[in-house]
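Each chain is listed here by its residues.
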Amino acid sequence: MSNESSFSSSGFIEIPQGLSENQFTECTALTCNGFNQLIRAKRFGKWFMLKGLKPEYQTQTIYVEMLAKEFELGVQLTHPNIVQVIGKEMVPKFGPCIIMEYIDGETLDKFLQSHPSVDTRKKIVRELLDAMSYFH
């Protein structure tokens, strides 16, 4: 092993010195209104979405409780049209965060700006309604 990096137990992922395998790297904050912050981050060579509270809300009990409740509800859901909640943990740079799968895509607004066909729009509406039905 060199002084600059080490290898994971699998021998495939090089880990820079000073980082452990479970730390998030390549963190990028996304634009988000309200009290939440969204961060795209990498861990174990895979992208995740972190959903936490903006710093000014992290000490306010009501917001901390809302984040915890969102996690409790989200972790119970398993549906192809609902993002998968993986866990909740304290992330040093961002505070308490819900860890979710990262979906590389576009927003519904942006998708609709591309003027999809009527059949494609119907398919999306059916998928949204199916997810809403499952959730409720």
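Our subject is the structure listed above.
The structure contained in this document is the topic of the report that follows. Computed from a predicted model, the values in this text were never measured in an experiment. (Residues numbered from 1 in each chain as written. Predicted model: local features only at pLDDT ≥ 70, side-chain atom pairs only at ≥ 80, totals over all residues. Heavy atoms only, no water.)

1. Considering the layout of surface pockets
Turning to step 1, where the next piece is worked out: Considering only enclosed or pocket space, the largest pocket measures out at about 1300 Å³ in volume.
Turning to step 2, where the next piece is worked out: Forming the boundary of the largest pocket are 29 residues, of which Asn81, Val83, Ile103, Glu106 and Thr107 lie nearest the centre.
Turning to step 3, where the next piece is worked out: Mapped by element, the contributors of at least two residues to the lining of the largest pocket are strand 5 (46–53), helix 1 (61–74), strand 7 (95–101), helix 2 (108–113) and helix 3 (118–135).
Turning to step 4, where the next piece is worked out: It is helix 3 that provides the largest number of residues to the lining of the largest pocket, a total of 6 residues.
Turning to step 5, where the next piece is worked out: The residue inventory of the lining of the largest pocket, partitioned by class, reads 18 nonpolar, 5 polar and 6 charged. (1 Å grid on protein atoms, 1.4 Å probe; cavity = no way out; pocket = protein on both sides within 12 Å on 5 of 7 lines; lining within 4 Å. Points joined across faces, edges and corners; volume = space filled by probe spheres on them. Helix = DSSP H or I, 4+ residues; strand = E, 2+ residues; numbered from the N terminus. Nonpolar A, V, L, I, M, F, W, Y, C, P; charged D, E, K, R; others polar.)

2. A short note on unusual backbone geometry
Turning to step 1, where the next piece is worked out: Residues other than glycine seldom take positive phi values, yet Glu26 does so here, at roughly 50°.
Turning to step 2, where the next piece is worked out: With respect to the helices, strands and loops of the structure, Glu26 is situated in strand 3 (residues 25–30).
Turning to step 3, where the next piece is worked out: Classification of Glu26 by relative accessible area gives partly exposed; the value is 47%.
Turning to step 4, where the next piece is worked out: The phi dihedral of Phe44 is positive, around 60°, even though this residue is not glycine.
Turning to step 5, where the next piece is worked out: Examined against the element boundaries, Phe44 turns out to sit in the loop between strand 4 (36–43) and strand 5. (Buried < 20%, exposed > 50% of the residue type's maximum accessible area, 1.4 Å probe, protein only.)

3. Digging into a nonpolar patch on the surface
Turning to step 1, where the next piece is worked out: Taken together, the side chains of Leu108, Leu112 and Leu128 make up a nonpolar region of the molecular surface, amounting to roughly 240 Å² of accessible area.
Turning to step 2, where the next piece is worked out: Of note, Leu112 is situated in helix 2. (Patch = residues over 30% accessible without salt bridge, like charges linked within 9 Å, V, L, I, M, F, W, Y side chains within 5 Å. Areas by Shrake-Rupley, 256 points an atom, 1.4 Å probe, with all protein chains shown as cover. Salt bridge = Lys/Arg side-chain N within 4 Å of Asp/Glu carboxyl O.)

4. Some words on the sheet that holds strand 4
Turning to step 1, where the next piece is worked out: Strand order in the open sheet formed by 5 strands is 3-4-5-7-6, and the pairing between neighbours is antiparallel. Two strands close off the open sheet at either side, each with one partner strand: strand 3 and strand 6 (85–91). Averaged over all neighbouring strand pairs, the angle between strand axes comes to 30°, with direction disregarded.
Turning to step 2, where the next piece is worked out: Examined bridge by bridge, strand 6 and strand 7 share 6 bridges and lie antiparallel to one another. Among the inter-strand pairings, Val91 is bridged to a residue of strand 7, identified as Gly95. (Pairing = 2+ DSSP bridges. Axes fitted to C-alpha atoms, helices over the stretch in contact; angles between N-to-C directions.)

5. Describing helix 1
Turning to step 1, where the next piece is worked out: Helix length check: helix 1, at 14 residues, gives a terminal C-alpha distance of 20 Å against a target of 20 Å (1.5 Å per residue), a fit within 8%.
Turning to step 2, where the next piece is worked out: Those residues of helix 1 lying buried are Tyr63, Leu67, Phe71 and Gly74. One face of helix 1 carries all of its buried residues, which in axial projection span an arc of 80°. In helix 1, the exposed positions angled more than 90 degrees off the buried face are occupied by Thr61 and Ile62. (Expected span 1.5 Å × (residues − 1). Arc of directions from axis to C-beta.)

6. Things to note about the pairing of strand 4
Turning to step 1, where the next piece is worked out: Bridging between strand 3 and strand 4 involves 4 bridges; their strand directions are antiparallel. From the neighbouring strand, Leu30 faces strand 4, where its bridge partner is Leu38.
Turning to step 2, where the next piece is worked out: Between strand 3 and strand 4, which pair antiparallel in sequence order, lie 5 residues; one of them, Gly34, sits at a positive phi of approximately 85°.
Turning to step 3, where the next piece is worked out: Pairing of strand 4 with strand 5, which is carried by 8 bridges, proceeds in the antiparallel orientation.

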